[in-house]
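Below are the chains, spelled out letter by letter.
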Amino acid sequence: MTILVTGATASVGRLLVDELVAAGAPVRALTNKPARAALPAEVEVAVGYLGRPESLPAALQGVDTVYLAPLPAYVDDFVRCAREAGVRRVVVLSGEPADYEAQGDPASWHYYRLEKAIEEAGFEWTFLRPGQFMTNTLDWAPSIKAEGVVRAPYADAVQTPIDLVDIAAVARVVLLDEAYTGQKLVMSGPEGITQPQEVAHIAAALGREVKFEELTPQQYLDQLAPVIGLETAQWLLDGFRMMAEHPMTPEPTVAELTGRPPTTYREWAERNVAAFR
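The rules behind the values
- Residues numbered from 1 in each chain as written.
- Predicted model: local features only at pLDDT ≥ 70, side-chain atom pairs only at ≥ 80, totals over all residues.
- Heavy atoms only, no water.
- Helix = DSSP H or I, 4+ residues; strand = E, 2+ residues; numbered from the N terminus.
- Rg over C-alpha atoms; globule rule 2.2 N^0.38 Å.
- Buried < 20%, exposed > 50% of the residue type's maximum accessible area, 1.4 Å probe, protein only.
- Areas by Shrake-Rupley, 256 points an atom, 1.4 Å probe, with all protein chains shown as cover.
- Lys, Arg positive; Asp, Glu negative; His and termini not counted.
- Charge placed at Lys NZ, Arg CZ, Asp CG, Glu CD.
- Core = buried A, V, L, I, M, F, W, Y, C linked by side-chain atoms within 4.5 Å.
- Contact = heavy atoms within 4.5 Å.
- Phe/Tyr/Trp six-rings, centres within 6.5 Å; stacked < 30°, edge-to-face > 60°.
- Axes fitted to C-alpha atoms, helices over the stretch in contact; angles between N-to-C directions.
- Parallel < 35°, antiparallel > 145°, perpendicular 65-115°, else oblique.
- Left-handed = near helix turned anticlockwise from the far one by under 90°.
- Nonpolar A, V, L, I, M, F, W, Y, C, P; charged D, E, K, R; others polar.
- Expected span 1.5 Å × (residues − 1).

Enquirer: I keep staring at the overall build of the chain and nothing clicks. Help me out?
Expert: Broken down by element type, the chain carries 13 helices and nine strands. Taken over the C-alpha trace, the chain has a radius of gyration of 19 Å; the compact-globule value for 277 residues is 19 Å, and the two agree within 12%. Out of the 277 residues in the chain, the part that is buried amounts to 47%. Only carbon and sulfur atoms are counted for the fraction: they give 51% of the accessible area of the chain, which is about 12900 Å². Taken together, the 23 basic and 37 acidic charged side chains of the chain have centroids lying 6 Å from each other.

Enquirer: Sorry if this is basic, but what is going on with the nonpolar core here?
Expert: Side chains of nonpolar character tend, in soluble globular proteins, to be buried together. Ranked by size, the top nonpolar core spans 31 residues in total, and within it Val5, Leu16, Leu20, Leu128 and Val174 carry the most contacts. Contributing elements (two or more residues each) for this core: β1 (2-5), α1 (11-22), β2 (27-31), β5 (89-93), α8 (164-176), β8 (184-187) and α12 (253-258). Looking at which element gives the most residues to this core, the answer is α8, with eight residues. The contacts of Val5, once residues within four sequence positions are left out, are Gly13, Leu16, Val17, Leu20, Val27, Arg28, Ala29, Leu30 and Tyr67.

Enquirer: Whenever I open this one, the packing of aromatic side chains confuses me. Can you help?
Expert: How two aromatic rings sit relative to each other is given by the distance of their centres and the angle of their planes. The full count for this structure, using the stated rule, is five aromatic pairs. Plain terms: the ring middles of Tyr220 and Phe240 are 6.0 Å apart, the flat faces sit at 90 degrees to each other, and that makes the pair edge-to-face. Of this pair, Tyr220 sits in helix α10 (residues 217-228) while Phe240 sits in helix α11 (residues 230-245), and the two are 20 residues apart along the sequence. We note that Tyr220, like Phe240, is buried. Here the aromatic rings of Trp268 and Phe276 are separated by 6.2 Å at their centres, their planes lie at 75 degrees, and the arrangement is edge-to-face. Judged by relative accessible area, which is 0%, Phe276 ranks as buried. Connected via pairs of aromatic rings, a cluster forms that spans Tyr265, Trp268 and Phe276.

Enquirer: Can you help me understand the packing of helix α4 (residues 75-85) against helix α6 (residues 111-120) in this one?
Expert: The packing of two helices is summarised by the inter-axis angle and the distance between the axes. Look at α4 against α6: their axes get within 10 Å of each other, and the N-to-C directions meet at 25 degrees. Comparing the axis directions of α4 and α6 gives the class roughly parallel. The two elements α4 and α6 cross, and the hand of that crossing is right-handed. Touching Val75, Asp76, Phe78 and Val79 of α4 are Arg113, Leu114, Ala117 and Ile118, all from α6. Looking at the contact of α4 with α6 residue by residue, the class counts come to six nonpolar, no polar and two charged.

Enquirer: Would you explain the packing of α10 against α11 in this entry?
Expert: One can describe the packing of α10 onto α11 by two numbers: an axis separation of 7 Å at closest approach and a directional angle of 140 degrees. By the angle between their directions, the pair α10 and α11 is classed as oblique. The handedness of the crossing between α10 and α11 is right-handed. Here α10 contributes Pro217, Tyr220, Leu221, Leu224, Ala225 and Ile228 to the contact with α11, which in turn contributes Leu230, Thr232, Ala233, Gln234, Leu236, Leu237 and Phe240. A per-class count over the contact of α10 with α11 returns eleven nonpolar, two polar and no charged.

Enquirer: Would you mind showing me how to read α8 here?
Expert: Structurally, the α-helix is built with 3.6 residues per turn, so residues lying three or four positions apart point the same way. The terminal C-alpha atoms of α8, which comprises 13 residues, lie 19 Å apart, in line with the 18 Å expected from a rise of 1.5 Å per residue. In terms of burial, α8 is a largely internal element, ten of the 13 residues being buried. For α8, the complete set of buried residues consists of Leu164, Asp166, Ile167, Ala168, Ala169, Val170, Ala171, Val173, Val174 and Leu175.

Listed below in structure tokens is the structure:
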């Protein structure tokens, strides 16, 4: 039966399409921009977007299983269309904070809103819960290029960032093996690492010095709030604080499901060094 990959032009979705094609699975890709996605010839293309619910009925026709990209604002529309189309299974790209969100104000739910809607709708489900993405550090590229410096708070915060390639590989396994139905799979990279250590790996890949300068929490808010808003900046700051107080430890999920070790940050930095040069 056909697998629909939503967000097929997005970072994880595009990688997942290639994973499924390589495995010989029948794939339909939902994307607003098929040309930009440069999808393989074997892939059936459905033009549309989760944020345009009117495009979903045609995309879902004849689909048994869906990989659902995270767009919580439209999850109720997806649920309605998917139930009408007879979709049986939904694999959700959620996030590690989902259980934490569930304890708070429903108005602040993001990943948990997705999970709750899919579970309550009666689909067979699997929730993929990666933590921080290694690609988040691409935000450092402008200051590395201009000044050779990275400024961020909580230098001793230990995180376990994951490569998008590893998320896509796990998603492929789960979509093709129903043994993982009903599981909430927390994923991470293979190591606990601080921001200064990440910067050191980027510097080694570049072959030149890159400094890390620690910001105070207020300096961080003053710098970021005008760009992304105070609420979002505070949420990010709280995440760094929590990782400083409670260092994260790696999860074995990627290796257990894919049979290979997950990507280290050093490997990621070497592969993506052009973005910082």
